[in-house]
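An overview of the molecular structure
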Amino acid sequence: MFMSISTTGSAEAPAADLGFLLHKHPDKVQRFTTSHGEAHVFYPEAGDEVCTAALLLDIDPIALVRKGRGDGRGRGGSPDFALSQYVNDRPYAASSLLAVALRTVFRSAMKGACPARPELPGRARPLRIDLPAVPANGAGDGGGPALVVRLFEPLGWQVEATAIPLDESFPEWGESRYVRIALSSGTVRLADALQQLYVLLPVLDGAKHYWVAPDEVDKLLAAGQGWLAAHPERALITRRYLARRWSLTRVAMERLELARLAEADDREVEEIDNAVDDRPEEEVRPEEEVGEQPEPRQPSLAERRRAAILTALRESGAARVADLGCGQGELIGELLKDPRFTGILGVDVSARALRAASRKLGLERLSERQAARVALAQGALTYTDARLKGFDAAVLCEVIEHLDLPRLPALEYAVFGAARPRTVVVTTPNAEYNVRWESLPAGAVRHADHRFEWSRAEFRAWAGKVAAAYGYTVELRPVGPEDEEVGAPTQLALFTTTTTPEGGEPR
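Before going into details, it helps to say that this report is about the structure given with it. (Residues numbered from 1 in each chain as written. Predicted model: local features only at pLDDT ≥ 70, side-chain atom pairs only at ≥ 80, totals over all residues. Heavy atoms only, no water.)

1. Comments concerning the overall build of the chain
When helices and strands are tallied, the chain shows 16 helices and 14 strands. Here the contacts in the chain between residues at least 6 apart in sequence split such that 71% fall between residues at least 24 apart. For the chain, the accessible area works out to roughly 23900 Å², and carbon and sulfur atoms hold 51% of it. (Helix = DSSP H or I, 4+ residues; strand = E, 2+ residues; numbered from the N terminus. Contact = heavy atoms within 4.5 Å. Areas by Shrake-Rupley, 256 points an atom, 1.4 Å probe, with all protein chains shown as cover.)

2. Quick look at the packing of helix α5 (residues 144-152) against helix α8 (residues 234-241)
In the contact formed by α5 and α8, the axes pass within 10 Å of each other and the chain directions differ by 110°. As judged from the angle between their axes, α5 and α8 are roughly perpendicular. The handedness of the crossing between α5 and α8 comes out as left-handed. Residues Leu-147, Arg-150 and Leu-151 of α5 form the contact with α8, whose participating residues are Leu-236, Ile-237 and Arg-240. In the contact of α5 with α8, the residues fall into four nonpolar, no polar and two charged. (Axes fitted to C-alpha atoms, helices over the stretch in contact; angles between N-to-C directions. Parallel < 35°, antiparallel > 145°, perpendicular 65-115°, else oblique. Left-handed = near helix turned anticlockwise from the far one by under 90°. Nonpolar A, V, L, I, M, F, W, Y, C, P; charged D, E, K, R; others polar.)

3. Regarding the packing of helix α6 (residues 190-205) against helix α7 (residues 215-223)
The geometry of α6 relative to α7 is characterised by a closest axis approach of 9 Å and an angle of 145° between their N-to-C directions. Classified by chirality, the crossing of α7 by α6 is left-handed. Contact with α6, carried on its side by Gln-195, Tyr-198 and Val-199, involves Lys-219, Leu-220 and Ala-223 of α7 and no other residues of that element. Its residues assigned to classes, the contact of α6 with α7 comprises four nonpolar, one polar and one charged.

4. Looking at the sheet that holds strand β1 (residues 2-8)
With respect to topology, seven strands assemble into an open sheet ordered β2-β3-β4-β1-β5-β7-β6, the strand pairing being antiparallel. Looking at strand neighbours, the two that pair on one side only are β2 (30-34) and β6 (158-165), the edges of this open sheet. Shown here is a sheet whose adjacent strand axes are inclined to one another by a mean of 15°, direction ignored. Pairing of β6 with strand β7 (residues 175-185), which is carried by seven bridges, proceeds in the antiparallel orientation. Pairing of Ala-161 across the sheet is with Ile-181, part of β7. Packing against the sheet, α6 makes contact with β1, β5 (127-135) and β7, and its axis sits at approximately 15° to β5. (Pairing = 2+ DSSP bridges.)

Dropping the structure here:
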């Protein structure tokens, strides 16, 4: 099994700097022991103008069998494949064995570490990577050279992928499943190139020489950081890298989507994957404070809020409802109790919140008829989403205050302009009422993630502006016990369509 990495340079920026990046001296031949054989690193050429590093992996077929994976495709323990344990392509074709060897031999290079020349790893330089024989199996995803192009071209590589014939002396036999690959780029850093190969070699092969455990998700996301979340074939890559283990694939896809959304919003993943607390600060009733005896049970503010939303939805005659920013699915649970709501979609940016919602709603235990009424989806509300079109109503329950104000116009357009349901229900805290919460310090907001909280006048002004811009009428309603001086704790806006704004764009 063989692979080479080449670069070009000049006297001012010698190509032999590749030795610093790989942490392997061009004048030495180095040998490394792996669990399935030996890896050798050497330089066929190393000068100012051209430098080539080669990795030769010498696989021991007997070691493969002893490790329990036989032919590398999970069939080694079956007597039906006794011969294939010893006669197979694993020693010759680039696969997960080579990927593991890359990580063993070039671990520091993959991290982008170079203490001797710290300025080198951050620079892209001309690279060419040659892989003489790579299995490119289709298995329903398409294979051969086309699959190689789909995987590498979006990453900035110029791809030469040539199918290897079964036998050059008998062209009528057709092509084998192996491809000769040459990758060239002047924009990909060496560390990124190695990480991409670590992921994509087993993806092309469609198999691994070891059992795919849950920690493979972490390995995939670590190696794919910075490029996998935005890759157009990320679903295919994830599925094949994880050996089509669907439970692991689902977890990985959720985390990749979260990383993509966080990058798009220029925020940390932890900032947006904040599953909703069971009981936010604002929900704590005064009678439950320490040292006081509880009074007879009264509906909590959250319960009153959901009741007000349901009333507005029933008045609108909506049958298909999208709960945007659904959190742990409390409102969805109420919607499911009413048969008039025939289609319910819950959307949240937090994968943890969606998993909690699925558990709370018992989606896996629902009858087929009930399950057909509800779906959960991960998404950011500041981007247009075709999945939101066609709903009678959309609900933004305690959502807008979690956005930075400069991002609010993007949400307005995504919901009111692009999705454009007939009815939109928005609830948000009334900042004036905060003085009535004895446990809330003066000037504080009700939840640590709130970016703002509006007074009644501020909310009225925003609602009126949005309604005018997108062709809606709006009615404001109080939610919760009203105070003569500061109003109700929650304010609700009920938007109803009138006309489409000119051009369908925000004004």
